[in-house]
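Tertiary structure, described
Each chain is listed here by its residues.
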Amino acid sequence: MPSIRVLLVDDHPLFRSGLKNVLLADPMFDVIGEASRGDEAILLAKNCKPDLVIMDVSMPIMDGIECTRQIKKHDPSIKVLMLTTYSDDAYWQESMQAGASGYVLKRAVDTELIIAIRTVMEGEHYVYPTLLGGFCKPKQEPEGLDVEDDILSPREKEVLMLIALGHTQQEIAEQLAVSIKTVDSYKTRIREKLNMTKRSDMVRYALKHNIISEKSV
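The paragraphs below set out a description of the structure included in this document. (Residues numbered from 1 in each chain as written. Predicted model: local features only at pLDDT ≥ 70, side-chain atom pairs only at ≥ 80, totals over all residues. Heavy atoms only, no water.)

Attention now moves to the side chain of lysine 187. One can find lysine 187 in helix α8 (residues 180-194). Contact partners of lysine 187, with chain neighbours within four places excluded, come to Val159, Ile163 and Gln169. (Helix = DSSP H or I, 4+ residues; strand = E, 2+ residues; numbered from the N terminus. Contact = heavy atoms within 4.5 Å.)

Dropping the structure here:
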């Protein structure tokens, strides 16, 4: 079965990096391009011809909804899955009207993303369950989903990556544009999920799950 060619569109490089790592851990996906702005995404979609675009809503120059509208106008066969922090009804409804096939909240990416992708690639619509609205949701978890590999959210993987690379909490907070308190909360959740307290154990986990490479340690 040919891999799904994916274009990632989000203006946060670290989030894109974490999301890319999640997708590339599954041989089903081939990330063929990345964009940080809507206008870049339209050009890449025309040149690279992805099967699926994973799109953020809020971006400079052109937002994800208008970008989706332009991509679908050029090539209706391309599937667009919105991945965003916005849970307002107006955003997901407008996204679907623009041609998106799915809408997932970033906070649920670790549990919902693969399910959503498989759903939209089968020609159905997917909206994160709490947003309701009568769109399709698969009845069961797809076979072959590795729960252990999916235990951390992309944001938690970003924090783990920076911890494993030896960054201080202050440096992590600055890179992610969050408070030190928020970083500490992420660290606590990571330790609880992985049942680890030592940095050396976290480094080994990050290496095993391709969150970092041996060359970067």
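Another point: the side chain of serine 153. With respect to the helices and strands, serine 153 occurs in the loop between β6 (126-127) and α6 (154-164). Apart from the residues within four sequence positions on either side, serine 153 is in contact with Asp110 and Lys193.

Going residue by residue along strand β5 (residues 102-105), you find Gly102 and Val104 tucked away on one face and Tyr103 and Leu105 tucked away on the opposite face as well. Where strand β4 (residues 79-84) meets β5, 4 bridges bridge the pair, whose relative direction is parallel. Considered in β5, the bridge of leucine 83 is made with valine 104. You can see the chain leave β4, run along helix α4 (residues 89-98) and come back into β5, and the turn it takes is right-handed. The pairing of β5 with β6 spans 2 bridges and is classified as parallel. From the neighbouring strand, glycine 102 faces β6, where its bridge partner is tyrosine 126. (Buried < 20%, exposed > 50% of the residue type's maximum accessible area, 1.4 Å probe, protein only. Pairing = 2+ DSSP bridges. Right-handed = clockwise from strand over helix to strand, strands pointing away.)

What follows concerns the pairing of strand β3 (residues 52-55). By the alternation rule, side chains of β3 split into Leu52 and Ile54 and Val53 and Met55, which are all buried. By the bridge criterion, 4 bridges tie strand β1 (residues 4-9) to β3 in an arrangement that is parallel. Looking at β3, one finds that valine 9 is bridged to methionine 55. With 4 bridges connecting them, β3 and β4 associate as parallel partners. If you follow leucine 52 over to β4, its bridge partner there is lysine 79. Regarding topology, helix α3 (residues 64-74) serves as the crossover connection from β3 to the parallel β4, and that connection is right-handed.

This paragraph deals with the packing of aromatic side chains. A full pass over the atoms with the stated rule returns 1 aromatic pair. Ring centres 4.4 Å apart and planes at 20° place the aromatic pair tyrosine 86 and tyrosine 91 in the stacked group. Here the guanidinium or amino end of lysine 106 rests over the ring plane of phenylalanine 15, the centre of that ring lying 4.3 Å away. (Phe/Tyr/Trp six-rings, centres within 6.5 Å; stacked < 30°, edge-to-face > 60°. Lys NZ or Arg CZ within 6 Å of the ring centre and 35° of its normal.)

All right, on to the layout of surface pockets then. Gaps left between atoms show up when a probe the size of a water molecule is rolled over them. Of the voids in this model, the largest pocket is the one considered here, and its volume is about 450 Å³. Taken together, 22 residues form the lining of the largest pocket, with Phe15, Thr85, Lys106, Arg155 and Tyr186 sitting closest to its centre. Counting residues per element, the ones that place at least two in the lining of the largest pocket are α1 (13-24), α6, α7 (169-176) and α8. Tallying contributions element by element places α6 first for the lining of the largest pocket, with 4 residues. Residue composition of the lining of the largest pocket, grouped by class: 9 nonpolar, 6 polar and 7 charged. (1 Å grid on protein atoms, 1.4 Å probe; cavity = no way out; pocket = protein on both sides within 12 Å on 5 of 7 lines; lining within 4 Å. Points joined across faces, edges and corners; volume = space filled by probe spheres on them. Nonpolar A, V, L, I, M, F, W, Y, C, P; charged D, E, K, R; others polar.)

Turning our attention to the nonpolar core. In this structure, Val9, Val53, Met55, Cys67, Ile71 and Met82 are the most contacted members of the largest nonpolar core, which totals 26 residues. Counting only elements with at least two residues in this core, the list comes to β1, α2 (38-48), β3, α3, β4, α4 and β5. Not counting residues up to four positions away in its chain, the partners in contact with cysteine 67 are Gly38, Ala41, Ile42, Met55 and Met62. (Core = buried A, V, L, I, M, F, W, Y, C linked by side-chain atoms within 4.5 Å.)

A few words on the environment of alanine 173. Following the sequence through the fold, alanine 173 ends up in helix α7. Considering only alpha carbons, one finds alanine 173 and valine 183, 10 residues apart in sequence, at a separation of 6.2 Å. The residues touching alanine 173, leaving out its near neighbours within four places in the chain, are Val178, Ser179, Ile180 and Val183.

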